[in-house]
Amino acid sequence: MSYAPDSTANLARFNQTLDASAQIGVGRPGGLSRLALSDADREMRDLFVTWCEEAGLAVTVDACGNIFARREGTEPDVPPVLVGSHLDTQINGGRFDGIAGVLAALEVVRTLNDLGHATRRPLEIVNWTNEEGARFSPPMSASGAFVGAYTTDWVHGLVDDDGLSFGAELARIGYLGDAPCAPRPIDAYFELHIEQGPILDAEGRDIGIVTAGYPSHGMRVSFAGRTAHTGPTPMDQRQNALAAGARWLTMADDIGWAYAAYDGKATAARLVAWPNKAGILSDHAEAVCDVRHPDEKTAGLMAERLRRAASESAARCGCSYKIEDEWHWGGDIFDAGLVASIRAHAARLGFNHRDLQSQAGHDAYFLARHCPTAMIFTPCKDGITHNNEEFCTPESFRAGLNVLLHSVVERADRV
Ligand SMILES: [Zn+2]
């Protein structure tokens, strides 16, 4: 048996591997709570590394904890084709988000091992650290560092709600690697991911060809006020940072509604304040919001309104404010050649496919800044995600797995 255009990945083996992952970091019924750099994350990483070594891969870990598992090609010293996603989850996450993409890459390698096919270029599977940003904000921090958008030191300095740092937690779980987390030549990057939206499921499609990402802007803003007694302090002398942050969040929500008719969205995502007690005004608040719109220019406009809203909410509450961090992703970023190749394989194999935009952020967005990149979406029930009820049937991965297999081999073997 050798590799052929009708070779198939082992769907049953893939689903068994997914089931094994679903036993680690169990959360609410059916879901996972496997936060980045937790003990459960370590346990999953250990198992993943074992699987990779059993598949004959050479594993390296970089300074941000990204795991790379390499299968050599027949041609030495050419950049590898990289395939993967993330194994961490949201606090009330599902067992497919991200995980399916890493394990699909593993299944591609296992299938090629079964077929005895050596690709021309090396293949590398990757597990990106902290894609979710559920524990350390912002999301996709380690793929960002890999492409040079962030420094390793900056990523190491991120802290969680308990004051624990990314760097310290990475060392604690034993995944502070030797390899530098910095840009290096990559031939192409593929990421399979569940859609995290309702379109494929509602239309009964087998697979989605991702043509672009919704342009998105996010920001983290701090508000500084002054603690004071909640009783005697007159309204015009208050500097209530909690109120300033809360105003900004509701203004963000209003921005979303203002653009909702054309599929714009804004998210008031997070607010923390200190001291956040009943008898005292808070002197510090920190909030996170983001905006998304299918049109790049309009997304930029919404982001500008969000910045102005931060300034207005601070002024209204007598506080000062600072935009601590800002991020932007999405747009027309995916490689047209790779997208066409994925579409052609989906059609050739007889799968019911359609083009669509990604509405969530993914590591692929950062990789697209660095090398030709493409994404494949698989259906998920009713689009439910970041929820323990996230569900994908075993069968729903058949199209994605096989299209991934053939697209990756085509790219890796090209002359
Ligand atoms: Zn994900």
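None of the values given here were measured: they were computed from a predicted structure.

Here Tyr3 is to be found in the segment before helix H1 (11-21). On the basis of relative accessible area, Tyr3 is assigned to the partly exposed category, the value being 22%. Each C-alpha atom of the pair Tyr3 and Leu115 lies 5.7 Å from the other, and the pair is 112 residues apart in sequence. In this structure Tyr3 touches Leu112, Leu115, His117, His406 and Val409, once residues within four positions along its chain are discounted. One polar contact links Tyr3 to His406, side chain to side chain, over a distance of 2.6 Å.

What follows covers the packing of helix H8 (residues 241-258) against helix H9 (residues 296-316). How two helices sit against one another is set out by the angle between their axes and by the gap between those axes. Put simply, H8 and H9 touch, their axes get as near as 8 Å, and they point 150° apart. By the criterion of interaxial angle, the relationship of H8 to H9 is roughly antiparallel. Viewed along their axes, H8 and H9 form a crossing whose handedness is right-handed. On the side of H8, the interface is formed by Ala244, Arg247, Trp248, Met251, Ala252, Ile255 and Ala258, while H9 contributes Met302, Arg305, Leu306, Ala309, Ala310, Glu312, Ser313, Ala314 and Arg316. Considering only residue class, the contact of H8 with H9 consists of eleven nonpolar, one polar and four charged.

Count 3.6 residues to each turn of an α-helix, and residues three or four apart come out pointing the same way. For helix H3 (residues 99-115), spanning 17 residues, the distance from its first C-alpha to its last is 24 Å, which sits close to the expected 24 Å at 1.5 Å a residue. Most of H3 sits out of view: 15 of its 17 residues are buried. Within two residues after H3, Gly116 carries a phi angle of roughly 65°, on the positive side.

Turning next to the nonpolar core. It is characteristic of soluble globular proteins that their nonpolar side chains tend to be buried jointly. By size, the foremost hydrophobic cluster in this structure holds 95 residues, and its most contacted members are Ile125, Phe190, Phe397 and Leu404. Broken down by element, this core gets its largest block of residues, ten residues, from H3. Split by domain, this core shows at least three residues from each of two domains, domain 1 (11-196 + 360-413) and domain 2 (215-329). Discounting residues that sit within four places of it in the chain, Phe397 has contacts with Leu11, Phe14, Asn15, Leu18, Phe96, Ala100, Ile194, Thr378 and Cys392. With 24 residues, the next largest nonpolar core counts Ile255, Met302, Ala309 and Cys319 among its residues.

Counted as a void, the largest pocket has a volume near 1400 Å³. Lining the largest pocket are 49 residues, and of these Gln90, Glu132, Gly133, Ala134 and Pro139 sit closest to its centre. Tallying contributions element by element places strand E7 (residues 265-274) first for the lining of the largest pocket, with five residues. A per-class count over the lining of the largest pocket returns 19 nonpolar, 16 polar and 14 charged. Size it by volume and the second largest pocket reaches roughly 180 Å³. As for the second largest pocket, its lining consists of Met235, Asp236, Arg238, Asn240, Ala243, Arg247, Arg316 and Cys317.

This paragraph deals with H8. Counted at 1.5 Å a residue, the expected span for H8 with its 18 residues is 26 Å, and the 26 Å between its end C-alpha atoms agrees. Three or more residues of H8 are buried, namely Ala241, Ala244, Gly245, Trp248, Leu249, Ala252, Ile255 and Gly256. Buried residues along H8 cover an arc of 140° about the axis, so they all sit on one side. Of the residues in H8, the exposed ones pointing more than 90 degrees away from the buried face are Asp254, Trp257 and Ala258. In this structure, the buried residues of H8 make contact with strand E6 (207-224), E7, strand E8 (284-292) and H9. Between the side-chain oxygen of the N-cap and the backbone nitrogen of Leu242 there are 3.1 Å, and the N-cap of H8 in question is Asn240.

Attention now moves to the domain arrangement of the chain. Looking at the assigned domains, one finds that the chain contains domain 1 (11-196 + 360-413) and domain 2 (215-329). Between domain 1 and domain 2, the residue contacts involve ten residues of the former and six residues of the latter. Between domain 1 and domain 2, the buried area comes to about 650 Å², and carbon and sulfur atoms account for 57% of it. For the domain 1 face of the interface with domain 2, the top three residues by lost area are Ser137, Asp161 and Tyr365, together amounting to 38%. Counting across the domain 1 and domain 2 interface gives one salt bridge.

Turning our eyes to something else, we now look at the coordination of the zinc ion. In this structure, His86 (NE2), Asp97 (OD) and His193 (NE2) serve as the protein donors to the zinc ion, at separations of 2.0 to 2.2 Å. Mapped onto the sequence, the donors of the zinc ion take the spacing H-x10-D-x95-H. Taken together, the residues span a long stretch of sequence, with His86 in the loop between strand E3 (81-85) and H3 and Asp97 in the loop between E3 and H3 at a distance of eleven residues. The exposure class of His86 is buried, given its relative accessible area of 0%. On the basis of relative accessibility, which here comes to 4%, the residue Asp97 falls in the buried class.

Cut-offs used in this document
Residues numbered from 1 in each chain as written. Predicted model: local features only at pLDDT ≥ 70, side-chain atom pairs only at ≥ 80, totals over all residues. Heavy atoms only, no water. Helix = DSSP H or I, 4+ residues; strand = E, 2+ residues; numbered from the N terminus. Buried < 20%, exposed > 50% of the residue type's maximum accessible area, 1.4 Å probe, protein only. Contact = heavy atoms within 4.5 Å. Polar contact = N/O pair within 3.5 Å; in protein donor to acceptor, adjacent residues only side chain to side chain. Axes fitted to C-alpha atoms, helices over the stretch in contact; angles between N-to-C directions. Parallel < 35°, antiparallel > 145°, perpendicular 65-115°, else oblique. Left-handed = near helix turned anticlockwise from the far one by under 90°. Nonpolar A, V, L, I, M, F, W, Y, C, P; charged D, E, K, R; others polar. Expected span 1.5 Å × (residues − 1). Core = buried A, V, L, I, M, F, W, Y, C linked by side-chain atoms within 4.5 Å. Domains from an automatic or database assignment. 1 Å grid on protein atoms, 1.4 Å probe; cavity = no way out; pocket = protein on both sides within 12 Å on 5 of 7 lines; lining within 4 Å. Points joined across faces, edges and corners; volume = space filled by probe spheres on them. Arc of directions from axis to C-beta. Buried area = accessible area lost by both parts, 1.4 Å probe. Salt bridge = Lys/Arg side-chain N within 4 Å of Asp/Glu carboxyl O. Donors = N, O, S within 2.8 Å, 3.2 Å for Na, K, Ca; no water.

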